[in-house]
Amino acid sequence: MKLQNKVAFVTGAGQGMGQAIVRRFVAEGAKVVAADINLASLKDGLADLGDSVLPVECNVGDSASVSAAMAATEQHFGRLDIVVNNAGVGGLDSFLETPDESWQRVIGVNLTGTFFCAREGAKLMIKGGQGGSIINLSSTSALTGEGPNHYCASKAGVMGLTRGIARELASQGIRVNTLVPGPTNTPMMAGIPDEMMKDLLKGVPLGRLCEVDEIAAVAVFLACEDSSFMTGQNVAVNGGMSFI
Ligand SMILES: NC(=O)c1ccc[n+]([C@@H]2O[C@H](COP(=O)([O-])OP(=O)(O)OC[C@H]3O[C@@H](n4cnc5c(N)ncnc54)[C@H](O)[C@@H]3O)[C@@H](O)[C@H]2O)c1
């Protein structure tokens, strides 16, 4: 049990990687605040985990919503040790046809949402005085450029944000790292056309999609003491698709 007595806040927890991370964290002994904009998905997907999980409706792109979710975390569990900024949105816009609203939405959830949750989560960790671990989900798209413009920009921004806050929070014992998945078998990938998927997999030396449990295992590693001297790093889980 690598996360015994720890409290984690996981965003985008209703499905895909977020749900797998919640399940793995609970298996490792953690209590988890499962935050998602879709409350029904949390209730359907995580009901079997009982009191170990507090489902909270939260729009990570809205600072008031994030503050309310952090207040609920403090009230319910009394502390915070781990934040996983997993909530993310994509899109298939070509650059020249990208509507302003689409740019704002993707940057607003993926980058600004990560900023809000990291900032408010770090405040709670500092109050607890025991340090902590913040894990920000980026994407291999930010390294290769294989993805829509706003998505690549938001995920590259997450890498920069991680490095900037890792330096600032180190003196408080808070580590901050970026988990960089490659193409992974989740509902987010369901909308990718078959031909595009075939091309995508040609670029993955291990020749398949990543499974969500393979992401969750690395999230546990970054959350627990096994990674105690790592901060500000990009940790890629992408079947060799790119080298950081
Ligand atoms: N699936 C992939 O191939 C892949 C590859 C690289 C990176 N990623 C990144 O990994 C993360 C998880 O991806 P996934 O495939 O599991 O996604 P997903 O689409 O399956 O699930 C995302 C979850 O985030 C929630 N969400 C969306 N907007 C939100 C908001 N504003 N506030 C709170 N919750 C919100 C959704 O309701 C959903 O439950 C994302 O950040 C994604 O960009 C995914």
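Residues numbered from 1 in each chain as written. Predicted model: local features only at pLDDT ≥ 70, side-chain atom pairs only at ≥ 80, totals over all residues. Heavy atoms only, no water.

## As for the environment of L137
Next up, step 1: Counting through the fold element by element, L137 comes out in strand 5 (residues 132-137).
Next up, step 2: When the C-alpha positions of L137 and V235 are compared, they lie 9.8 Å apart, and in sequence the two are 98 residues distant.
Next up, step 3: Residues within four places of L137 in sequence aside, it is in contact with M17, V84, N85, N86, K155, V158, L179 and P181. (Helix = DSSP H or I, 4+ residues; strand = E, 2+ residues; numbered from the N terminus. Contact = heavy atoms within 4.5 Å.)

## Concerning the nonpolar core
Next up, step 1: With 34 residues, the main nonpolar core has V22, F25, V32 and L179 as its most contacted residues.
Next up, step 2: Contributions of two or more residues to this core are made by strand 1 (7-11), helix 1 (16-27), strand 2 (31-36), helix 2 (39-46), strand 4 (82-85), strand 5, helix 8 (212-223) and strand 7 (234-237).
Next up, step 3: For this core, the element with the most residues is helix 8, which contributes eight residues.
Next up, step 4: Filtering out sequence-adjacent residues up to four positions away, L179 remains in contact with I135, N136, L137, S138, I215, V218, A219, L222, V235 and V237.
Next up, step 5: Formed by 31 residues, the second largest nonpolar core is a distinct cluster that contains C58, A69, V89 and M125. (Core = buried A, V, L, I, M, F, W, Y, C linked by side-chain atoms within 4.5 Å. Buried < 20%, exposed > 50% of the residue type's maximum accessible area, 1.4 Å probe, protein only.)

## With respect to the packing of aromatic side chains
Each aromatic ring pair is described using two quantities: the centre-to-centre distance and the angle formed by the ring planes.
Next up, step 1: Within this structure, the stated rule accounts for one aromatic pair.
Next up, step 2: Measuring from centroid to centroid gives 5.6 Å for F115 and F116, while their planes differ by 45 degrees, and the two rings are tilted. (Phe/Tyr/Trp six-rings, centres within 6.5 Å; stacked < 30°, edge-to-face > 60°.)

## Some words on the sheet that holds strand 2
Next up, step 1: Taken in spatial order, the seven strands make up an open sheet running 3-2-1-4-5-6-7, and their pairing is parallel. At either end of the open sheet lies a strand with only one pairing partner, and these are strand 3 (53-57) and strand 7. Along the sheet, successive strands turn relative to each other by an average axial angle of 20 degrees, direction set aside.
Next up, step 2: Sheet topology places strand 5 next to strand 6 (residues 174-181); six bridges connect them, and they run parallel. (Pairing = 2+ DSSP bridges. Axes fitted to C-alpha atoms, helices over the stretch in contact; angles between N-to-C directions.)

## A word on the site of the ligand
Next up, step 1: Taken together, 27 residues lie near the ligand, and D36, N86, Y151, T184 and T186 sit nearest.
Next up, step 2: A distance of 3.0 Å separates a nitrogen atom of the ligand from a polar backbone atom of V60.
Next up, step 3: One nitrogen or oxygen atom from the main chain of M188 is found 3.4 Å from an oxygen atom belonging to the ligand.
Next up, step 4: Protein coverage of the free-state accessible area of the ligand, which is 830 Å², stands at 92%.
Next up, step 5: Elements that contribute at least two residues to the shell around the ligand include exactly helix 1 and helix 6 (149-169).
Next up, step 6: The residue inventory of the shell around the ligand, partitioned by class, reads 13 nonpolar, 12 polar and two charged. (Near = heavy atom within 4 Å. Polar contact = N/O pair within 3.5 Å; in protein donor to acceptor, adjacent residues only side chain to side chain. Areas by Shrake-Rupley, 256 points an atom, 1.4 Å probe, with all protein chains shown as cover. Nonpolar A, V, L, I, M, F, W, Y, C, P; charged D, E, K, R; others polar.)

## Let's talk about the environment of I174
Next up, step 1: You can see I174 is positioned in strand 6.
Next up, step 2: C-alpha of I174 to C-alpha of S133: the two residues are 41 residues apart in sequence and 5.5 Å apart in space.
Next up, step 3: Discounting residues that sit within four places of it in the chain, I174 has contacts with A122, M125, I126, G131, G132, I134, L169 and T231.

## A few points about the pairing of strand 4
Next up, step 1: Where burial is concerned, the two faces of strand 4 agree: the one with I82 and V84 and the one with V83 and N85 are both buried.
Next up, step 2: In this sheet, strand 5 lies alongside strand 4 in parallel orientation, the contact comprising four bridges. The residue bridging I82 from the neighbouring strand is S133, located in strand 5.
Next up, step 3: The parallel pair strand 4 and strand 5, bridged by helix 4 (residues 100-128), forms a crossover whose chirality is right-handed. (Right-handed = clockwise from strand over helix to strand, strands pointing away.)

## Observations regarding the packing of helix 3 (residues 63-77) against helix 4
Next up, step 1: Contact geometry of helix 3 with helix 4 gives a least axis separation of 9 Å together with a crossing angle of 30 degrees. With respect to each other, helix 3 and helix 4 are oriented roughly parallel. Crossing hand, helix 3 versus helix 4: right-handed. Residues S63, V66, S67, M70, T73 and E74 of helix 3 form the contact with helix 4, whose own contacting residues are F116, C117, R119, E120, G121, L124 and K127. (Parallel < 35°, antiparallel > 145°, perpendicular 65-115°, else oblique. Left-handed = near helix turned anticlockwise from the far one by under 90°.)

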